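# Residue-level structural notes
Residues per chain are reported as follows:
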Amino acid sequence: SGFVGRLVAEQLAEHAPGGLRVALGGRSRQRLERVRAGLPGEASAWPIVTADSSDAAALEALANSTRVVATTVGPYLRDGLPLAMACARAGTHYADLTGEALYVRQLIDQCQDAIDSAMAQGYNAVLLCGTQLRLPLRRLMEKYLPALSVLAYNEVAQRAEVEFVGQVRAAA
């Protein structure tokens, strides 16, 4: 329901394929309702899901209720890991916009077992990041997860099917 979350919601409302089920999620129902009220067409009736990063049960319920979570929570180092871990446990695809290197390191530490398990089940794990982060992240990741591919967002074909299963973050 913040600035970036509103932009993502607007983009989804304008460009999401027909029939895609979308819900708006965040900490404040009131703020989510304001975002939803500003969306066009069917998006103005999207369901709202409230969950706070300090409420593990709410995050588990959220992660278990969907196939994909796209979060703009920020700052990720403070608020992101509980949702990422809930998604990893639920097998829910997870995407975020982090550029926080410490968060990425923490997520590697916390999610390595989940990533290894997903790869053992035949998933091709890919870390998507901004263009400027690609090379440094690749160098960092090859020490810990050598089979993990690191791609910049602009390297993914527009029609490629991407399944998000987790997020990489780190802490101090």
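Residue indices begin from 1 for each chain and proceed along its sequence in written order. Given that the model is predicted, a residue must reach a pLDDT of at least 70 before its local features are reported, and side-chain atom pairs must reach 80 or more before they are shown or counted; all residues, however, enter totals for whole chains, interfaces and linings. Excluding hydrogens and water, the side-chain values take into account all heavy atoms of the structure.

Across the two faces of strand E6 (residues 149-152) the burial differs, with Val150 and Ala152 buried and Ser149 and Leu151 not buried at all. Only when DSSP finds a minimum of two bridges between them are two strands counted as paired. We count a stretch as a helix when DSSP gives it H or I for four or more residues in a row; a strand needs E for two or more, and each element gets its number in order from the N terminus. Across four bridges, strand E5 (residues 126-129) lies against E6 in parallel orientation. The residue bridging Cys129 from the neighbouring strand is Ala152, located in E6. Look down the strands so they point away from you; if the path from the first strand over the helix to the second goes clockwise, the crossover is right-handed. In the classification by handedness, the crossover that spans E5, the intervening helix H7 (residues 134-144) and the parallel E6 is right-handed. Accessibility here uses a 1.4 Å probe with only protein chains present; expressed as a share of the type maximum, an area under 20% marks a residue as buried, one over 50% as exposed, and anything in between as partly exposed.

Values of bend correspond, residue by residue, to the angle between axes fitted over the seven residues ending at that residue and the seven starting there. Residue Cys111 marks the point of greatest curvature in helix H6 (residues 101-120), where the axis turns by about 65°. When we look at burial in H6, the residues that qualify are Tyr103, Val104, Arg105, Gln106, Leu107, Ile108, Cys111, Ile115 and Ala118. Remark: Gly122 follows H6 within two positions and exhibits a positive phi of approximately 100°.

With that settled, the discussion passes to the packing of aromatic side chains. Geometry of aromatic contacts follows a simple scheme: Phe, Tyr and Trp rings, the Trp one being its six-membered ring, pair when their centres are within 6.5 Å, and the pair is stacked under 30 degrees between planes, edge-to-face over 60, tilted otherwise. Considering all chains together, one arrives at one aromatic pair under this definition. An angle of 40° between the planes, with centres 5.7 Å apart, marks the rings of Tyr76 and Tyr103 as tilted. Residue Tyr76 is found in helix H4 (residues 76-79), and its partner Tyr103 is found in helix H6; the two are separated by 27 residues along the sequence. Looking at Tyr103, the relative accessible area reads 0%, which means it is buried.

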